[in-house]
Number of protein chains: 2
Amino acid sequence: MPIPRKRHVFYVSDGTGVTAEMLGESLLAQFPDLDYEVVRAPFVDSPQKAGELVSKIERVAQGSGFRPIVFSTLVKPEVLAVIQNGPGLVMDLFGAFIDPLEREFGMESTHTVGRFHGMRDTHSYHRRIEAINFALAHDDGITQDHTLVEADIILIGVSRSGKTPTSLYLAMTYAIKAANYPLIPEDLERMRLPEALRPHREKLFGLTIAPERLAQIRSERRPNSAYADLANCRREIELALELMRREGIPWLDTTTKSIEEIAAVVMLHLEKIRRYQDL
Amino acid sequence: MPIPRKRHVFYVSDGTGVTAEMLGESLLAQFPDLDYEVVRAPFVDSPQKAGELVSKIERVAQGSGFRPIVFSTLVKPEVLAVIQNGPGLVMDLFGAFIDPLEREFGMESTHTVGRFHGMRDTHSYHRRIEAINFALAHDDGITQDHTLVEADIILIGVSRSGKTPTSLYLAMTYAIKAANYPLIPEDLERMRLPEALRPHREKLFGLTIAPERLAQIRSERRPNSAYADLANCRREIELALELMRREGIPWLDTTTKSIEEIAAVVMLHLEKIRRYQDL
């Protein structure tokens, strides 16, 4: 049987290639029927390395019978030129936008490699590492009252509602110091916030989840436990929602949301409470 | 004193806006003298929401006297059209590349919102969450021998060489299951790998760091301790390097590298050991 022909997609960058891959994947997600294989080519920072890559692109083109697609964030013109002379269809992510930006700003761009290490507000790399350490040190209620003062946000919710991955993503992407604190059955039965959280009410943000989904997630951890029982999950979530409503805490249903989506909503909320909303 | 005039940059998306922000920040990093403020506008998924955003862009334009820059990953033409009628300079990240891709593939794109939740190999969202849980459960040598079998990679190195943030980033971005295991002074003096790691040698990847930087990082945690002492840091690192050389373990100096860069090198290594390198 012949092997079905596949497209090959190259993510090429002078740096890590994260930006090229992210935009490329966003674009290719618009073609759900496309079958393709990814080749990552980070750190292509000299014409020589670009030459080696072009050889690889040529081999792939011959092997598959398709023109490979090359998403590039190369900034050095002499490196990009080598790739553009190869057989791939080059999507030059920088070239498409640098010219209009130079005209608009009346400045020339520096064509410097690797100036960029992530998202906005993270230029101080140290702050992201600090935020990750903070999230780890304040995961799942591991916390001391006095250090919660440093938190930008405190995520609350029943066990396995998505608090930990969201805290880590907020730290890694936006250098946000996110603590997370579980609402345990004792808190819910008393219908009171845990004592440690009461002085920080304005920083609380709730995550909730559909009981069916929660039972499924908990079952993977502890099958056939009271913890994972659907009726128990339903009751915990109902009580948690009631508590959050009573206390006036904003909350989000995470059931059908990705970490990125939850984090984006938390960021909107943070900007709101920081009064950035009305410029 | 007049407030210095600033550019305003909008990151606009039907989804989270992460892709728009990442590419925008990469481009703007090429203009290091540019002073600008960021406004995030995620979840703009209707002409009405786009209309509200245009009002905001108009207010900003009037206030600053500058044309705002709008980086958009909007996929719905009717939403994008509203923004393009506003006063911003719109960098349409999708529009620039969707047409050539449609022609190349001979397919129409779906113009669907929010199909994309991250990087390659992460379409199964569940795998990323699992990888994050794995990284947390196998952080800093918290591990049981039998579960290391599941690891894609095991990062080793002296305490505070960058293992934890790298493990979490690999999990979150690439759904890679990364354990991390410290090389403690006892291992180093014996010049032997920890017993738990010996069956998994082919998965080991070392991180090292300049002694001066390590002493600085450790001093922030425990000032004036033997742990943070420069001579001690130097000795630990020398021994760790000797151990990794003897055992034939690949390693990377993280001193001047970002998490993204360390992770990109680890990914290259993983693709190499998975024999993806020669297509």
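Residues numbered from 1 in each chain as written. Chains lettered and ligands numbered in written order. Predicted model: local features only at pLDDT ≥ 70, side-chain atom pairs only at ≥ 80, totals over all residues. Heavy atoms only, no water.

Draft legend 1. Fine view of the overall build of chain A. The number of helices and strands found in chain A is ten helices and eight strands. Taking 279 residues into account, the globule formula puts the C-alpha radius of gyration at 19 Å, and chain A, at 24 Å, lies well above it. In terms of overall dimensions, chain A has C-alpha extents of about 70 × 55 × 30 Å along its principal axes. Burial analysis of chain A (279 residues in total) assigns 57% to the buried set. Here the analysis covers contacts within chain A between residues at least 6 apart in sequence; of these, 70% occur between residues at least 24 apart. Surface summary for chain A: the accessible area is close to 12,300 Å², and the carbon and sulfur share equals 49%. Within chain A, the 39 negative side-chain charges are centred at a point lying 2 Å from the centre of the 34 positive side-chain charges. (Helix = DSSP H or I, 4+ residues; strand = E, 2+ residues; numbered from the N terminus. Rg over C-alpha atoms; globule rule 2.2 N^0.38 Å. Buried < 20%, exposed > 50% of the residue type's maximum accessible area, 1.4 Å probe, protein only. Contact = heavy atoms within 4.5 Å. Areas by Shrake-Rupley, 256 points an atom, 1.4 Å probe, with all protein chains shown as cover. Lys, Arg positive; Asp, Glu negative; His and termini not counted. Charge placed at Lys NZ, Arg CZ, Asp CG, Glu CD.)

Draft legend 2. Quick look at the interface of chain A and chain B. Across the boundary between the two partners, chain A contributes 88 residues, which contact 88 residues of chain B. At the boundary of chain A with chain B, total buried surface from both sides reaches about 8,400 Å², with 69% on carbon and sulfur atoms. Where chain A touches chain B, the interface holds eight salt bridges. Put simply, A:Arg128 and B:Glu260 hold a salt bridge, and the shortest N to O gap is 2.6 Å. Scanning the region where chain A abuts chain B turns up twelve residue pairs in polar contact (both at pLDDT 80 or more). Counted by class, the side of chain A that touches chain B contains 46 nonpolar, 16 polar and 26 charged residues. (Buried area = accessible area lost by both parts, 1.4 Å probe. Salt bridge = Lys/Arg side-chain N within 4 Å of Asp/Glu carboxyl O. Polar contact = N/O pair within 3.5 Å; in protein donor to acceptor, adjacent residues only side chain to side chain. Nonpolar A, V, L, I, M, F, W, Y, C, P; charged D, E, K, R; others polar.)

Draft legend 3. Structural detail: the sheet that holds strand S1 (residues 7-12) of chain A. Residues and elements named next belong to chain A. Here four strands make up an open sheet; going across it, the order is S2-S1-S3-S4 and the pairing parallel. Looking at strand neighbours, the two that pair on one side only are strand S2 (36-41) and strand S4 (89-92), the edges of this open sheet. If you compare each strand with its neighbour and ignore which way they point, the axes differ by 20° on average. When S1 meets strand S3 (residues 69-72), the two strands line up parallel, connected through four bridges. Of the residues in S3, the one forming a bridge with Val12 is Ser72. Its contacts with the sheet put helix H1 (residues 18-28) on S1, S2 and S3, and the angle it makes with S1 is roughly 150°. (Pairing = 2+ DSSP bridges. Axes fitted to C-alpha atoms, helices over the stretch in contact; angles between N-to-C directions.)

Draft legend 4. Quick look at the relation of the copies chain A and chain B. Once chain A has been moved 0.0 Å along the axis and rotated by 180°, it coincides with chain B to within an RMSD of 0.0 Å. Each copy turns onto its partner about a two-fold axis. Same-surface contact between copies: 100% of interface residues of chain A are shared with the interface of chain B. (Least-squares fit on C-alpha atoms with pLDDT ≥ 70 in both.)

Draft legend 5. Main features of the domain arrangement of chain A. On domain assignment, one finds that chain A holds domain 1 (7-105) and domain 2 (125-273). The straight-line distance from the C-alpha centre of domain 1 of chain A to that of domain 2 of chain A is 39 Å. (Domains from an automatic or database assignment.)

Draft legend 6. View of the sheet that holds strand S8 (residues 251-253) of chain B. All names here are of chain B. Pairing within the open sheet is parallel, and its four strands lie in the order S6-S5-S7-S8. Strand pairing shows two members of the sheet lacking a second neighbour, strand S6 (178-182) and S8, which therefore form its edges. The mean inter-strand angle of the sheet, taken between neighbouring strand axes irrespective of direction, is 25°. Relative to S6, strand S5 (residues 153-157) is paired through five bridges, and the arrangement is parallel. Residue pairing across strands places Gly157 opposite Pro182, the latter belonging to S6.

Draft legend 7. Molecular detail of helix H10 (residues 259-273) of chain B. The end-to-end C-alpha distance of H10(B), which contains 15 residues, comes to 21 Å, matching closely the 21 Å that a straight helix rising 1.5 Å per residue would cover. Along H10(B), the positions that sit buried rather than exposed are B:Ile259, B:Glu260, B:Glu261, B:Ile262, B:Ala263, B:Ala264, B:Val265, B:Val266, B:Met267, B:His269, B:Leu270 and B:Glu271. (Expected span 1.5 Å × (residues − 1).)

Draft legend 8. Quick look at helix H5 (residues 125-137) of chain B. Look at H5(B): 19 Å from first C-alpha to last across 13 residues, which is about the 18 Å you get at 1.5 Å a residue. Packed against the buried residues of H5(B) are helix H6 (163-174), helix H8 (211-221) and helix H10 (259-273) of chain A together with helix H6 (163-174) and S6 of chain B.

Draft legend 9. Region of the structure containing unusual backbone geometry. A positive phi angle is found at B:Phe43, which is not glycine, with a value near 60°. Of note, B:Phe43 is situated in the loop between strand S2 (36-41) and helix H2 (47-64).

Draft legend 10. Local environment of the UniProt feature "binding site: ADP" (unreviewed entry) in chain A. All names here are of chain A. Residues annotated by UniProt as "binding site: ADP" (unreviewed entry) correspond here to Gly157, Val158, Ser159, Arg160, Ser161, Gly162, Lys163 and Thr164. By secondary structure assignment, the location of Gly157 is in strand S5 (residues 153-157). Among residues more than four places away in sequence, those in contact with Gly157 are Lys163, Tyr181, Pro182, Leu183 and Leu207. Since its relative accessible area comes to 25%, Ser159 is described here as partly exposed. With residues near it in sequence (within four places) discarded, Ser159 still touches Leu214, Arg218 and Tyr227. (UniProt positions renumbered as here; feature names shortened; annotations may be inferred.)

Draft legend 11. View of the packing of helix H4 (residues 95-105) of chain A against helix H1 (residues 18-28) of chain B. Viewed as axis vectors pointing N to C, H4(A) and H1(B) meet at an angle of 60°, and their least axial separation amounts to 11 Å. Between H4(A) and H1(B), the crossing angle belongs to the class labelled oblique. Remark: the crossing between H4(A) and H1(B) carries right-handed chirality. Facing H4(A), whose interface residues are A:Phe97, A:Ile98, A:Leu101 and A:Phe105, H1(B) presents B:Leu23, B:Leu27 and B:Leu28. Of the residues belonging to the contact of H4(A) with H1(B), the class tally is seven nonpolar, no polar and no charged. (Parallel < 35°, antiparallel > 145°, perpendicular 65-115°, else oblique. Left-handed = near helix turned anticlockwise from the far one by under 90°.)

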